[in-house]
Amino acid sequence: MGSKWKSYLLPALLISCLVVFLFNYRELFGNHLFLLQNPLDHPNPQASDSTQAAELAIRLHPDQHREREPTTLREKWHVTKDYRSPDGVRKLVYLINGQFPGPTLEARSGDTMVVEVYNELEDEGVAIHWHGLRMKGHNNMDGVVGITQNPIPSNGNFTYEFKIDSEQAGTFWYHSHEGIQRADGLYGGLIVHKPIQKDVFDSTRFQFEEDNLLMIGDWYLQSADHVQESYEDPGNWGHEPVPSSVLINGMGKYDCSSHKRDEEMACMNITPPKLSLKSSRSRLRVTNVGTLTGFTLHIPHCRMTVFQLDGGNAIEKSSESSSIGILYPGERMDLIMECDAATHSTDSIVTITLDSENFSMHNTPANLAHHFPLETTSSTLAHRDHSPSLATEEENPFYLRSAKGDTLPENSIQSVANQTYMFYVRMETGKEDEDVPSWGINGTAWAPQASPSTPLIDLSRAYWNTNQFVPFIALSRDLDNATWVDIVVNNFDMRGHPFHLHGYDFYILSQYYPTSHHHSYNTYNPFSPSEASSPPGGSYNLVNPIKKDTVYIPGMGYVVLRILADNIGIWFFHCHILTHSSTGMAMALEVGERSGRYV
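No experiment lies behind these values; they were computed from the predicted model shown. (Residues numbered from 1 in each chain as written. Predicted model: local features only at pLDDT ≥ 70, side-chain atom pairs only at ≥ 80, totals over all residues. Heavy atoms only, no water.)

1. Some details on the overall build of the protein chain
When helices and strands are tallied, the protein chain shows six helices and 32 strands. Burial analysis of the protein chain (599 residues in total) assigns 55% to the buried set. Sequence-distant contacts in the protein chain: of pairs separated by 6 or more residues, those separated by 24 or more amount to 79%. Counting every atom, the protein chain has about 25,700 Å² of accessible surface; 50% of that belongs to carbon and sulfur. (Helix = DSSP H or I, 4+ residues; strand = E, 2+ residues; numbered from the N terminus. Buried < 20%, exposed > 50% of the residue type's maximum accessible area, 1.4 Å probe, protein only. Contact = heavy atoms within 4.5 Å. Areas by Shrake-Rupley, 256 points an atom, 1.4 Å probe, with all protein chains shown as cover.)

Encoded structure:
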């Protein structure tokens, strides 16, 4: 009996040692080597090389919309999840009608949209936000869980119906506003074409022959839930996991050889998708659909000129450059691209370089620069007598932070706002939260309304919980007098944050980048007479301010935004970095009359 017991001893010891090793490996390396934390649950049994390069650009059809009358456009969407390999790595992603990204919507100003959404997910709710659309008169269709609606339940459906403002046209997009679903692909393009009778049509004014959409964003090899768990792990001290890939319109190319343990990841060596030009001058509508990072777009041997930002807001035409950035999550830019026959190379590339501002967490396989082939023909190249040299282009990138708006007509904006609100953003970790990152605006960390779990637009303020920070903006009783509101946001974090305001465009009167922010806060208090007379960022720009719906607030700096408060409702205002908004960096503004139902 003793001999038999001894025969089992060695295998038992070996198994126990293996179990201990695996457990400690996970504990020691799970937080720091984020990509290696968990293998995919269902390896791809058909992983193989793909030799056909997919086309990156989504071709748009302005001719179908610019001359017709406004109409009603109807869509029926079925939201599901399934495995795809967008960059060669197999991952569970969200699909709309089997597509990732979702269908691209094209409309014209004044159209009515009717979108039936059927949630066919097993155990998740869904809500869709129409990023950049003003939604005037349709606050209840804005698609924000906790603010304007409850999530569409599993096996349930909801119909979004709204009219696009007759004055809005430009580059927009839609995405989930339930949890962190956007990070796993629940988004798509939304283009509103300008009717030709409104103005000289853009293609005539800027002389482009094709109109293309590029939705560009960082991409994680693991699920958004794993990313969020890693971010909230106390051992990471609030450092964001670093993405490993970049997708353009849902396509990319991950370098399988850069992963140290390929056996844990279903990775195919695919041919990089390509951007093909069909004409000598192309309009590119570029949207940052990413989760964390801004990026710079670089195309050697080509000249790009930015002429609009966010939802069709015109800017003073930028200088020509082969490099433009930084475009942060939620932001959009419209540009004209023209490639030179004289300097064009057969191996031209499109490079997306990620901004490393939030890359404090170690991730060995991560690359900042991601390259995609650019395909041209002799008929699509421009011929000029004097083409800028490549050296000149390299030395003169166009920085979006330097953009200027069109000069405003006299008296189009008040010199002094009727109301001013000051907010501050800061991160708080402490013992009571066990070092779990928590963001707050004026000390309040936002979370969807609970107990009762009723959206704010349907609930009296008396029942709102302590996670709701929603200042009330009272409109003037005199209908002939506009109500202009200044929003001052101070950033107490060393890193910047892209903030998006629903329901409104705003003028950026000041955007202060401190020259040295490592040792002191550079806040601005407009209620202090001394600071109001001499702001750190200088006087407000009331001559040619940029108009946008998403703004980058510099680290240790601030922004001053001005809105014309004419859109009644409760409108979300939040950081567009998902790990931040999901841990509290959000609030809302309620715009209404004093006699309204909330006051």
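We are not done yet, so read on.
2. Side note on the state of the cysteines
Counted under the stated rule, the structure contains two disulfides. The side chain of Cys256 participates in a disulfide bridge whose partner is Cys267; the two sulfur atoms lie 1.8 Å from each other. Measuring the twist about the S-S bond at about -80°, one finds the Cys256-Cys267 disulfide to be left-handed. With Cys256 in the loop between strand E11 (245-248) and strand E12 (275-276) and Cys267 in the loop between E11 and E12, the pair connects residues that are eleven residues apart, well separated along the chain. With a sulfur-sulfur separation of 2.1 Å, Cys302 is cross-linked through a disulfide to Cys339. As the torsion about the S-S bond is roughly 95°, the Cys302-Cys339 disulfide counts as right-handed. Of this pair, Cys302 sits in strand E15 (residues 302-309) while Cys339 sits in strand E18 (residues 332-339), and the two are 37 residues apart along the sequence. Cys302 gets classed as buried once you look at its relative accessible area, which sits at 0%. Residue classification places Cys339 among the buried positions, given a relative accessible area of 1%. Here the disulfide map of the protein chain reads 1-2, 3-4, the bonded cysteines being numbered as they appear in the sequence. (Disulfide = S-S within 2.5 Å.)

3. Quick notes on helix H3 (residues 224-232)
Regarding H3, the residues found buried are Ala224, Val227, Gln228, Ser230 and Tyr231. With its buried residues spanning 160° around the axis, H3 presents them on a single face. For H3, the exposed residues lying more than 90 degrees away from the buried face are Asp225 and Glu229. Its buried side turned inward, H3 meets strand E22 (419-428), strand E23 (438-441) and helix H6 (578-581). (Arc of directions from axis to C-beta.)

4. Some words on the sheet that holds strand E28 (residues 546-548)
Across the sheet, six strands lie side by side as E23-E22-E25-E30-E27-E28; this open sheet has mixed pairing. With partners counted over all chains shown, the strands left at the sheet margins are E23 and E28, one partner each. Neighbour to neighbour, the strand axes of the sheet diverge by 25° on average, direction disregarded. Two elements, E22 and E23, share four bridges in a ladder whose sense is antiparallel. (Pairing = 2+ DSSP bridges. Axes fitted to C-alpha atoms, helices over the stretch in contact; angles between N-to-C directions.)

5. Here's the deal with the pairing of E11
What you see with E11 is no split at all: Ser245 and Leu247 on one side and Val246 and Ile248 on the other are buried throughout. Strand direction decides the pairing type here: strand E10 (residues 210-219) and E11, joined by four bridges, are antiparallel. Across the sheet, the residue bridging to Gly217 is Leu247, located in E11.

6. Overview of the packing of aromatic side chains
Note on aromatic pairs: each is described by the distance of the centres and the angle between the planes. Applying the stated criterion across every chain yields a total of 18 aromatic pairs. A centroid spacing of 3.9 Å and a plane angle of 10° characterise the contact between Tyr328 and Tyr552, whose relative ring orientation is stacked. In this pair, Tyr328 is assigned in the loop between strand E17 (323-327) and E18 and Tyr552 in strand E29 (residues 550-553), connecting sequence segments 224 residues apart. Tyr552 gets classed as buried once you look at its relative accessible area, which sits at 7%. Counting every residue linked through ring pairs, the aromatic cluster contains Trp77, Trp130, Phe158, Tyr160, Phe162 and Tyr174. Across from the ring centre of Tyr513, 3.6 Å away, lies the NZ or CZ of Arg401, which sits over that ring. (Phe/Tyr/Trp six-rings, centres within 6.5 Å; stacked < 30°, edge-to-face > 60°. Lys NZ or Arg CZ within 6 Å of the ring centre and 35° of its normal.)

7. Some words on the sheet that holds E17
If you walk across this open sheet you meet the six strands as E12-E20-E19-E14-E17-E21, and the pairing is mixed. Each edge of the open sheet carries a strand with a single partner, namely E12 and strand E21 (398-399). Where strand E14 (residues 295-298) meets E17, three bridges bridge the pair, whose relative direction is antiparallel. From the neighbouring strand, Leu297 faces E17, where its bridge partner is Ile324.

8. Section: the confidence of the model for the protein chain
Residue-level pLDDT values for the protein chain average 85, and 81% of them are 70 or greater. Taken as a whole, residues 383-393 scores under 50 in pLDDT and shows 21 contacts with residues more than four places along the chain or in a different chain. Under a pLDDT of 50 for its full length, residues 595-599 has, in the predicted model, twelve contacts with residues more than four places off or in other chains. (pLDDT = per-residue confidence, 0-100.)

9. Remarks on the pattern of salt bridges
Counted under the stated rule, the structure contains 24 salt bridges. Its salt-bridge partner being Arg285, residue Asp211 comes within 2.9 Å of it at the nearest N-O pair. Residue Asp211 is located in strand E10, and its partner Arg285 is located in strand E13 (residues 281-288); the two are separated by 74 residues in the primary sequence. Take Asp211 and Arg285: they sit in the same class, and that class is buried. Overlapping salt bridges, with partners in common, bring together Asp310, Glu331, Arg332, Lys548 and Asp549 in one network. (Salt bridge = Lys/Arg side-chain N within 4 Å of Asp/Glu carboxyl O.)

10. A closer look at the side chain of Arg182
Tracing the backbone through its elements, the reader meets Arg182 in the loop between strand E8 (170-176) and strand E9 (187-193). For Arg182, the side chain forms a polar contact with the main-chain oxygen of Gly290, separated by 2.8 Å. Engagement of the side chain of Arg182 in a polar contact is seen with the backbone oxygen of His576, the distance being 2.9 Å. (Polar contact = N/O pair within 3.5 Å; in protein donor to acceptor, adjacent residues only side chain to side chain.)

11. Describing unusual backbone geometry
Look at the link from Phe100 to Pro101: it is a cis peptide, with omega at -10°. Along the chain, the position of Pro101 falls in the loop between strand E3 (91-96) and strand E4 (105-108). Backbone torsion omega between Gly325 and Ile326 reads 5°, so that peptide bond is classified as cis. Inspection of the secondary structure assignment puts Ile326 in strand E17. Phi at Asp310 takes a positive value of approximately 50°, unusual for a residue other than glycine. Relative to the elements of secondary structure, Asp310 occurs in the loop between E15 and strand E16 (313-314). Classification of Asp310 by relative accessible area gives buried; the value is 0%. The residue Asn442 is not glycine, and still its phi comes out positive at about 50°. Here Asn442 falls in the partly exposed class, since its relative accessible area comes to 25%.

12. Structural notes on the nonpolar core
Core analysis: the largest hydrophobic core is formed by 98 residues, its most contacted members being Trp130, Tyr160, Met333 and Leu335. Leave out the neighbours within four places in its chain, and Tyr160 touches Met113, Val114, Val115, Val117, Ala127, Ile128, Trp130, Met141, Gly143, Gln149 and Ile152. (Core = buried A, V, L, I, M, F, W, Y, C linked by side-chain atoms within 4.5 Å.)

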